[in-house]
2 protein chains.
Amino acid sequence: MGTTTIDAPAEPKYWQLRTVLVRTIEDEFHPGEILPNERELSARFGVARATLRQALDQLELEGRLVRRRGIGTLIAAPRIGVPVAEPGESWRIVDGGTVKATTAVADALGLEAGAPVHTVQRVRMTAGHIVGTETLFVPPALVPHIPGFLKETSRARAVLKQFQALEIDGEQRSVELGVAEEEQARLLERPPGIPVLVLTTRYQAEGVTVAVAVSTYRADTCRLTFGDSGVEVREAS
Amino acid sequence: MGTTTIDAPAEPKYWQLRTVLVRTIEDEFHPGEILPNERELSARFGVARATLRQALDQLELEGRLVRRRGIGTLIAAPRIGVPVAEPGESWRIVDGGTVKATTAVADALGLEAGAPVHTVQRVRMTAGHIVGTETLFVPPALVPHIPGFLKETSRARAVLKQFQALEIDGEQRSVELGVAEEEQARLLERPPGIPVLVLTTRYQAEGVTVAVAVSTYRADTCRLTFGDSGVEVREAS
DNA sequence: CAGTGGTCTAGACCACCAG
DNA sequence: TGGTGGTCTAGACCACTGA
């Protein structure tokens, strides 16, 4: 009889749970600490384990939690600020070669789909962690004289060198959400399907796009920074 | 007996399903078309509906699908390119006022936590759609003379005007993944919990941060562009 | 080995939308 | 009203971790 509110549109349980957990995490836990296990939490809140997991999924997407199989659910460290296009970036070349351009890459570079492009694949290190991957695509026309007998990493190094010699006078970037497919996931040392921030950079010289780089950064642990911010790099526990 | 491979680490069903669906979507469907319903799909692939949904969740996160309750699962239009910091952005003021600074905002502005800050809340329109929200925080010290009797939207307009009169000489931006809480979700006309790209901008004048803007963009439908790209705005069906 | 999170199932009911 | 996706349950088994 007579509640004052109009029955409240009834938020889903998992969302209420998330709200409760956010407060609990912020008030009573610190990064690196372990939450009670899922079976206990679900019992404590009187919900099915699947429902609890739905709430934890959200919190993990927000970068508040990290779940490790066999270990438990931990409070995540603050996201790492990853500077984009700043001097001093730390990369490690892992692969390279010449492949047929996908339509997306070909479009950006003004090539025919399937035309050969040189590639360099690198992983980005920040604060001792692998935080991202990058695949650079350069048209062979701009990097003509690469001996075929080079090892892939040597070739990659050569491509990168000649790329850096180009007189880039402009960069267009875009950021969107994606999920890591097999190859990126392997490089990031995570299972496939983890959310990533996809940074696409089109390098220009005299108005034309001379190279394209597609980078993926772990969305759970990274915050991409532009300008001169993002200096507050912090160690994960 | 004797398979040649070492038993393959067995990818989860939902990931295999996703792979199959990606190919199907790219090969046989176009934006706006409707997929068979979940019960039929799960039957067709011989999995539980929950497992199928796990695959669809991934595809939705990637912006390949849009699910509408009561309608069905549709092929999504390509993400909308949303230019950041370009002239001609289209915003609509929805609210404003003076609130106590959260610690994050206070830190950025060099204030005490809980100190009052003026706010302006806007929604961003692109191609006729609401794609994002923004909350601008400005210290009262920089926008001193706002009469208290103004309506909120008028006050917001006044704050914005004085903000634009500041001589901003630098901007630091960062992008990370988040989920929309109640307020942003309402402004985006979506349920709470949808993934958003959180763009934080710190405006600087003579080396000090004079204002902070926190924007949220729908991660499912938006691609943030920097520089002068992102012109290929396309209508959703 | 025991304990953790990860996957998967089968089924139920609800909220929403179109005709 | 019938069909859609959204939520929730109870239970099972697997994969990984550490002691």
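Rules and cut-offs
- Residues numbered from 1 in each chain as written.
- Chains lettered and ligands numbered in written order.
- Predicted model: local features only at pLDDT ≥ 70, side-chain atom pairs only at ≥ 80, totals over all residues.
- Heavy atoms only, no water.
- Helix = DSSP H or I, 4+ residues; strand = E, 2+ residues; numbered from the N terminus.
- Expected span 1.5 Å × (residues − 1).
- Buried < 20%, exposed > 50% of the residue type's maximum accessible area, 1.4 Å probe, protein only.
- Arc of directions from axis to C-beta.
- Near = heavy atom within 4 Å.
- Nonpolar A, V, L, I, M, F, W, Y, C, P; charged D, E, K, R; others polar.
- Polar contact = N/O pair within 3.5 Å; in protein donor to acceptor, adjacent residues only side chain to side chain.
- Contact = heavy atoms within 4.5 Å.
- Salt bridge = Lys/Arg side-chain N within 4 Å of Asp/Glu carboxyl O.
- Pairing = 2+ DSSP bridges.
- Axes fitted to C-alpha atoms, helices over the stretch in contact; angles between N-to-C directions.
- Least-squares fit on C-alpha atoms with pLDDT ≥ 70 in both.
- Phe/Tyr/Trp six-rings, centres within 6.5 Å; stacked < 30°, edge-to-face > 60°.
- Lys NZ or Arg CZ within 6 Å of the ring centre and 35° of its normal.

Draft legend 1. Spatial organisation of helix 1 (residues 13-28) of chain B. Residue and element names in this part refer to chain B. Spanning 16 residues, helix 1 covers 22 Å between terminal C-alpha atoms, matching the ideal 22 Å at 1.5 Å per step. Taken as a whole, helix 1 has its buried residues at Tyr 14, Trp 15, Leu 17, Arg 18, Leu 21, Val 22 and Ile 25. Around the axis of helix 1, the buried residues are gathered within 150 degrees of arc, so they sit on the same side. Helix 1 presents Lys 13, Arg 23, Asp 27 and Glu 28 as exposed residues on the side facing more than 90 degrees away from its buried surface.

Draft legend 2. Structural context of the protein's contact with DNA strand D. Around DNA strand D, a shell composed of 26 residues is seen, among which Lys 13, Thr 51 and Arg 69 of chain A together with Asn 37 and Arg 53 of chain B lie nearest. For DNA strand D, the fraction of atoms within 4 Å of the protein that belong to sugar or phosphate moieties is 70%. Of all the secondary structure elements, the ones that give two or more residues to the surface near DNA strand D are helix 1 (13-28) and helix 3 (49-61) of chain A together with helix 2 (38-45), helix 3 (49-61), strand 1 (65-68) and strand 2 (72-75) of chain B. Among the elements that take part in the surface near DNA strand D, helix 3 of chain A stands out by supplying four residues, more than any other. Among the residues forming the surface near DNA strand D, the class breakdown is seven nonpolar, eight polar and 11 charged.

Draft legend 3. How the structure looks around the protein's contact with DNA strand C. Neighbouring residues of DNA strand C: 26 residues in total, closest Asn 37, Arg 49 and Arg 53 of chain A together with Lys 13 and Thr 51 of chain B. Each atom of DNA strand C within 4 Å of the protein was assigned to sugar, phosphate or base; sugar and phosphate come to 70%. Thr 51 of chain B places a polar side-chain atom, nitrogen or oxygen, 2.4 Å from a phosphate oxygen of DNA strand C. In this structure, a sugar or linking oxygen belonging to DNA strand C sits 2.8 Å away from a side-chain N or O atom of Arg 69 of chain B.

Draft legend 4. Summary view of the interface of chain A and chain B. Listed per partner, the contact involves 32 residues of chain A and 32 residues of chain B. If you look at where chain A meets chain B, you find four salt bridges. The salt bridge partner of Arg 79 of chain B is Glu 176 of chain A, with a shortest N-O separation of 2.8 Å. At the surface where chain A touches chain B, the tally comes to 12 residue pairs in polar contact (both at pLDDT 80 or more). Elements represented by at least two residues in the side of chain A that touches chain B include exactly helix 1, helix 3, strand 7 (170-179), strand 8 (195-205) and strand 10 (222-226) of chain A. Broken down by element, the residue count for the side of chain A that touches chain B peaks at eight residues, all from strand 7 of chain A. Among the residues making up the side of chain A that touches chain B, the classes are represented as 13 nonpolar, seven polar and 12 charged.

Draft legend 5. The sheet that holds strand 5 (residues 116-126) of chain B, seen in detail. Taken in spatial order, the eight strands make up an open sheet running 3(A)-10(A)-7(B)-8(B)-9(B)-6(B)-5(B)-4(B), and their pairing is mixed. Strand pairing shows two members of the sheet lacking a second neighbour, strand 3 (80-83) of chain A together with strand 4 (90-100) of chain B, which therefore form its edges. Pairs of neighbouring strands in the sheet enclose a mean axial angle of 20 degrees, with direction left out of account. Sheet topology places strand 7 (residues 170-179) of chain B next to strand 8 (residues 195-205) of chain B; 10 bridges connect them, and they run antiparallel.

Draft legend 6. Just the relation of the copies chain A and chain B, in detail. Rotating chain A by 180 degrees about the axis while translating it 0.0 Å along that axis superimposes it on chain B, leaving an RMSD of 0.0 Å. One copy is carried onto the other by what is essentially a two-fold rotation axis. Of all interface residues in chain A, 100% are interface residues in chain B too; the two copies therefore contact each other through one and the same surface.

Draft legend 7. How the structure looks around the packing of aromatic side chains. Residues and elements named next belong to chain A. Under the defined criterion, the tally for this structure stands at three aromatic pairs over all chains. Seen in terms of ring centroids, Phe 163 and Tyr 203 are 5.0 Å apart; in terms of plane orientation they differ by 75 degrees. Their pairing is edge-to-face. Highlighted residues: Phe 163 in helix 5 (residues 152-165) and Tyr 203 in strand 8, separated in sequence by 40 residues. Taken individually, Phe 163 and Tyr 203 each receive the classification buried, so the pair is uniform in this respect. For the cation-ring pair, Arg 18 lies above Trp 15, with the distance from its terminal atom to the ring centre recorded as 4.4 Å.

Draft legend 8. Representation of the environment of Lys 151 of chain A in the model. Following the sequence through the fold, Lys 151 of chain A ends up in the loop between strand 6 (129-138) and helix 5. As for Lys 151 of chain A and Gly 97 of chain A, which are separated by 54 residues in sequence, their C-alpha atoms are 9.0 Å apart.

Draft legend 9. Just the pairing of strand 8 of chain B, in detail. All names here are of chain B. With 10 of its 11 residues buried, strand 8 lies for the most part within the structure. Alignment of strand 8 against strand 9 (residues 208-218), held across 10 bridges, turns out to be antiparallel. Each bridged residue has a counterpart across the sheet, and for Tyr 203 the counterpart in strand 9 is Ala 211. Joining the antiparallel neighbours strand 8 and strand 9 is a turn of two residues, in which Glu 206 adopts a positive phi near 55 degrees.

On their own, these measurements won't tell you what the molecule is for.
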